[in-house]
Amino acid sequence: MKPSCRFLISKKNPVFFKHHHSLTSNLSGNQFSFDKNKQFLACPFRNLGFRTIFNEAQKSFCVPNSSLGQSRLTTRDGRGVSVVASCASQIREFSTSVETRVNDKNFERIYVQNGINVKPLVVERIDKDENVLGAEESRLGVLVDDGESVNRENLDGGLGVKIISPKREESDMEKEAWKLLNNAVVMYCGSPVGTVAANDPGDKMPLNYDQVFIRDFVPSALAFLLRGEGEIVKNFLLHTLQLQSWEKTVDCYSPGQGLMPASFKVRTVPLDDDKFEEVLDPDFGESAIGRVAPVDSGLWWIILLRAYGKLTGDYALQERVDVQTGIKLILNLCLADGFDMFPSLLVTDGSCMIDRRMGIHGHPLEIQALFYSALRSSREMLVVNDGSKNLVRAVNNRLSALSFHIREYYWVDMKKINEIYRYKTEEYSTEATNKFNIYPEQIPSWLMDWVPEEGGYLIGNLQPAHMDFRFFTLGNLWSVVSSLGTPKQNEAILNLIEAKWDDLVGNMPLKICYPALESEDWRIITGSDPKNTPWSYHNGGSWPTLLWQFTLACMKMGRMELAQKAVALAEKRLHADHWPEYYDTRTGKFIGKQARLYQTWTVAGFLTSKVLLENPERASLLFWDEDYELLEICVCGLSSSGRKRCSRFAAKSQILV
């Protein structure tokens, strides 16, 4: 018996039900039914969402012009037209916050106005008996008698996407990896919606490793997309978008509407008469260890949405009204006004891949790099109209301020370390050199001899009187991919990784951070976390899933030999070690003491790296080039007042090269 499909809601009605009293009654008679007692939304369709309202022949995105208050709209066919955006003269209009603009009545009613009279999207699918590849055939390719993979058309969505066959015969290890990835797929109402975090048959207590995590699914999604499979990624994007709209409550407090779940699980709920139904049960952090909200989930979702469009050519998904609203909700949450003086995002400890206490609260590099990437992705995908022009302006302003802030204040090389070593403290001046009052004694003893002459990196965190000098791999790699760093900084980051290969790669790529917290630092900063002991897990462990991001960064900078070297190193052990989650010890010699085996993003990271290396033209679609126009924008208003000097222009010579 085929189950019906529902979303499981924790306590309250979905947010968009709250916005219009007649929405429930309008929908319940047709495609949707809502039962307040059972607390979930019936959904007999395989894919949810609203039909595309925007069906424009050409998709436009905003690129800032060097003239303040103007934007250039560039269409996909390469033609550009200038559009003057109205800019008020008040400094308030130059704020990077959109809370007062996006969070207005018009924005809040977008689901109601554009969605109430529109039926939910039904993704048309052809049954297997109509000569369409089955799920396993289309995911793994079509094998002929000699075992070689051949090209076949993927009819998903009518996009005409071709399954990419390898330019050589796949090794047994790669074939096993594709099989493992296929076996990790989670089905919901007959359609693939993601992959489980781990699929270890020997794990009797999976905890939440049997769920679909947004951040974990990204390498799986890229592997499928690079293989020509778009259906599972599209389903994932749409279902997680629907989960975004539910109210989230922890101890009678609800976070912002734009928060994406950390993960979700497909559960089977029994009904009367031996019937059952499938429900999606999301976790927004209310069940997570430490109850930490997943800040990076929404950022990864936007990045993956852009990648889906780039790799499939299906830009219509980005233009749907519900998808546009989802992007705006995430941006609204990230760009809201607060007490902070910096353009970087302020987050708690454990709000990203490092989801346990590791002393990264504040403004960790990983979040800033993903934030920057999500802003650049949103800038490409937002439909520019009267309702979004303020948001586009806020995104441009924040991008400009954030890139300067990270490049100027997070960067360290031998020259910068020497400068910090000579800092004067307690400077009270708008023109102070030591703006964050960093004490030279904070420079760790290991750092002076560790940074090579031709290398450098972006530090892990920056706050008043505090610089975290640890090297965090994901943040630095994603800064290269997104061009958050300057071209010279990006080159120096890869130079450092190459020079310190034994420290950062060792026997298994790549260290999540370096060095590990030990002794008193470990006890105080981690709270004596038994899982994050020195050189284990998040505290200096080696994570093979970082391989695909390293590969992408190397390919962008023309250093493919480094990526190939790392992939070859991983190939020696991953298969024999049963694809573990992470490795322990200073050089990554041992399988992690609590590592899950058959970790999906370990498998997917390896496969994505292999496919990227064989398809450089596809890899180029996933990274961003330097945008010099962003660096020209300064909206602080200080240059016209004459009372203060803009520190941005004082340092301009350093950030443009």
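Residues numbered from 1 in each chain as written. Predicted model: local features only at pLDDT ≥ 70, side-chain atom pairs only at ≥ 80, totals over all residues. Heavy atoms only, no water.

Asker: Whenever I open this one, the overall build of the protein confuses me. Can you help?
Answerer: Each helix and strand in the protein was counted, giving 28 helices and 23 strands. Of all 657 residues assigned to the protein, the portion counted as buried reaches 59%. Of all intrachain contacts in the protein linking residues separated by at least 6 positions in sequence, the fraction that spans at least 24 positions is 71%. In the form shown here, the protein has an accessible surface area of approximately 27,400 Å², with 50% of it arising from carbon and sulfur atoms. (Helix = DSSP H or I, 4+ residues; strand = E, 2+ residues; numbered from the N terminus. Buried < 20%, exposed > 50% of the residue type's maximum accessible area, 1.4 Å probe, protein only. Contact = heavy atoms within 4.5 Å. Areas by Shrake-Rupley, 256 points an atom, 1.4 Å probe, with all protein chains shown as cover.)

Asker: Whenever I open this one, the pairing of strand β11 (residues 185–188) confuses me. Can you help?
Answerer: A regular strand places its side chains on the two faces of the sheet in alternate fashion. Bridge count between β11 and strand β12 (residues 191–195): four bridges; the pairing is antiparallel. When the sheet's bridge partners are listed, Met 187 is paired in β12 with Pro 192. (Pairing = 2+ DSSP bridges.)

Asker: Hey, could you run me through the packing of aromatic side chains in this one?
Answerer: Two aromatic rings, taken as a pair, are described by how far apart their centres are and by the angle between their planes. Here the structure, examined in full by the defined rule, presents 21 aromatic pairs. Their ring planes at 85° and their centres at 5.9 Å tell us that Phe 404 and Tyr 409 sit as a pair that is edge-to-face. Note on accessibility: Phe 404 and Tyr 409 belong to one class, buried. When the centroid spacing of 5.5 Å and the interplanar angle of 75° are considered together, the rings of Trp 446 and Trp 450 count as edge-to-face. One end of the pair is Trp 446 and the other is Trp 450, both in helix α16 (residues 445–450) and four residues apart, which spans about a single turn. On the basis of relative accessible area, Trp 450 is assigned to the buried category, the value being 5%. It is Lys 565 that lies over the ring of Trp 501; its NZ or CZ is 4.4 Å from the centre. (Phe/Tyr/Trp six-rings, centres within 6.5 Å; stacked < 30°, edge-to-face > 60°. Lys NZ or Arg CZ within 6 Å of the ring centre and 35° of its normal.)

Asker: Looking at this model, I keep getting lost on helix α13 (residues 365–381). Mind explaining?
Answerer: Across its 17 residues, α13 extends 24 Å between first and last C-alpha, which sits within 8% of the 24 Å expected from 1.5 Å per residue. Burial analysis of α13 places 17 of its 17 residues in the buried class, the great majority of the element. (Expected span 1.5 Å × (residues − 1).)

Asker: How should I be thinking about the environment of Arg 306 in this particular structure?
Answerer: In this structure, Arg 306 sits in helix α10 (residues 295–312). Judged by its relative accessible area of 5%, Arg 306 is buried. Linking Arg 306 and Ser 378, residues 72 residues apart in sequence, is a C-alpha distance of 8.1 Å. If sequence neighbours within four positions are ignored, Arg 306 has contacts with Gln 318, Ser 377, Glu 380, Met 381, Leu 621, Leu 622, Phe 623 and Trp 624. Reaching out from Arg 306, the side chain makes a polar contact with the backbone oxygen of Leu 621 at a distance of 3.4 Å. (Polar contact = N/O pair within 3.5 Å; in protein donor to acceptor, adjacent residues only side chain to side chain.)

Asker: Explain α10 here, please?
Answerer: Think of an α-helix as turning once every 3.6 residues; residues three or four places apart then point the same way. For α10, which comprises 18 residues, the first-to-last C-alpha distance of 27 Å matches the rise-based estimate of 26 Å (1.5 Å per residue) to within 8%. The buried fraction of α10 is high, at 16 of 18 residues.

Asker: Help me understand the packing of helix α8 (residues 214–226) against helix α9 (residues 231–244) in this model?
Answerer: How two helices sit against one another is set out by the angle between their axes and by the gap between those axes. Where α8 contacts α9, the axes come no closer than 9 Å and their chain directions differ by 150°. Looking at the two axes, α8 sits roughly antiparallel to α9. Residue-level inspection shows Ile 214, Phe 217, Ala 221, Phe 224 and Leu 225 of α8 in contact with α9, the latter providing Ile 232, Val 233, Phe 236 and Thr 240. Here the residues of the contact of α8 with α9 sort into eight nonpolar, one polar and no charged. (Axes fitted to C-alpha atoms, helices over the stretch in contact; angles between N-to-C directions. Parallel < 35°, antiparallel > 145°, perpendicular 65-115°, else oblique. Nonpolar A, V, L, I, M, F, W, Y, C, P; charged D, E, K, R; others polar.)

Asker: Even after reading the chapter, I still don't get the nonpolar core, so can you show me in this structure?
Answerer: Buried together is how nonpolar side chains tend to be arranged in soluble globular proteins. If you look at the biggest cluster of nonpolar residues, it comprises 156 residues, and the most contacted ones within it are Trp 301, Tyr 457 and Phe 550. In terms of residue count, the dominant contributor to this core is α10 (ten residues). Those residues in contact with Phe 550, other than ones at most four positions away along the chain, are Leu 477, Leu 494, Ile 497, Trp 501, Leu 510, Leu 562, Ala 563 and Ala 566. (Core = buried A, V, L, I, M, F, W, Y, C linked by side-chain atoms within 4.5 Å.)

Asker: Looking at this structure, how should I read the packing of α9 against α10?
Answerer: Contact geometry for α9 and α10: axes closest at 11 Å, N-to-C directions at 145°. Like other packed secondary-structure pairs, α9 and α10 cross with a definite hand, here left-handed. On α10, the residues touching Val 233, Lys 234, Phe 236, Leu 237, Thr 240 and Leu 241 of α9 are Trp 301, Leu 304, Leu 305 and Tyr 308. (Left-handed = near helix turned anticlockwise from the far one by under 90°.)

Asker: I keep staring at unusual backbone geometry and nothing clicks. Help me out?
Answerer: Negative phi values dominate among residues other than glycine, just as trans dominates among peptide bonds. Here the amide bond leading from Pro 509 into Leu 510 is cis, since omega sits at -10°, within 30 degrees of zero. Within the secondary structure layout, Leu 510 lies in the loop between α19 (501–504) and β21 (513–514). A cis amide bond links Tyr 514 to the next residue, Pro 515, at an omega of -5°. Inspection of the secondary structure assignment puts Pro 515 in the loop between β21 and α20 (519–525). Despite not being glycine, Asp 273 has its phi angle at roughly 60°, a positive value.

Asker: How do you make sense of the pattern of salt bridges when you look at a structure like this?
Answerer: Opposite charge on two side chains permits pairing when their charged atoms draw close. Within this structure, the stated rule accounts for 19 salt bridges. Across the pair Arg 306 and Glu 380 runs a salt bridge, and its minimum N-O distance is 3.0 Å. Of this pair, Arg 306 sits in helix α10 while Glu 380 sits in helix α13, placing them 74 residues apart in sequence. With respect to burial, Arg 306 and Glu 380 carry one shared label: buried. Its salt-bridge partner being Asp 627, residue Arg 379 comes within 3.1 Å of it at the nearest N-O pair. Placement of Arg 379 in helix α13 and of Asp 627 in the loop between α24 (616–619) and α25 (628–632) is noted, with a sequence separation of 248 residues between them. Judged by its relative accessible area of 7%, Arg 379 falls in the buried class. The class for Asp 627 is buried, based on a relative accessible area of 12%. (Salt bridge = Lys/Arg side-chain N within 4 Å of Asp/Glu carboxyl O.)

Asker: So what exactly am I meant to see when it comes to the confidence of the model for the protein here?
Answerer: Reading predicted coordinates in detail is not appropriate for stretches of low pLDDT. Looking at the protein, pLDDT values average 79 and 70% of them are 70 or higher. Within the model, the stretch residues 99–161 combines pLDDT values under 50 with 122 contacts to residues more than four positions away or in other chains. Across residues 650–657, confidence stays below pLDDT 50; counting only partners more than four residues off in sequence or on other chains, it has 14 contacts. (pLDDT = per-residue confidence, 0-100.)

Asker: How do you make sense of the environment of Thr 551 when you look at a structure like this?
Answerer: By the secondary structure assignment, Thr 551 is in helix α21 (residues 547–556). Classification of Thr 551 as buried rests on a relative accessible area of 0%. In the structure, Thr 551 is positioned 57 residues away from Thr 608 in sequence and 8.9 Å away in space, judged by C-alpha atoms. Ignoring any residue separated from it by four or fewer positions in sequence, one finds Thr 551 in contact with Ala 563, Val 567, Ser 609, Leu 612 and Leu 613. Only 3.2 Å separates the side chain of Thr 551 from the side chain of Ser 609, close enough to count as a polar contact.

Asker: What's the story with the side chain of Lys 416 in this structure? I'm lost.
Answerer: Among the structural elements, Lys 416 can be located in helix α15 (residues 414–421). A relative accessible area of 14% places Lys 416 in the buried class. Apart from the residues lying within four places of it in its own chain, the contact partners of Lys 416 are Glu 408, Trp 411 and Tyr 423.

Asker: What is the right way to look at the side chain of Asp 200 in this model?
Answerer: As for its position among the elements, Asp 200 is in the loop between β12 and β13 (212–213). It turns out Asp 200 is buried and unbridged, and the closest side chain with the opposite charge, Arg 596, is 6.1 Å from it. Within the structure, Asp 200 has its side chain in polar contact with the backbone nitrogen of Gly 202 (distance 3.0 Å). Residues in contact with Asp 200, not counting those within four places in the same chain, are Leu 597 and Tyr 598. (Lys, Arg positive; Asp, Glu negative; His and termini not counted.)

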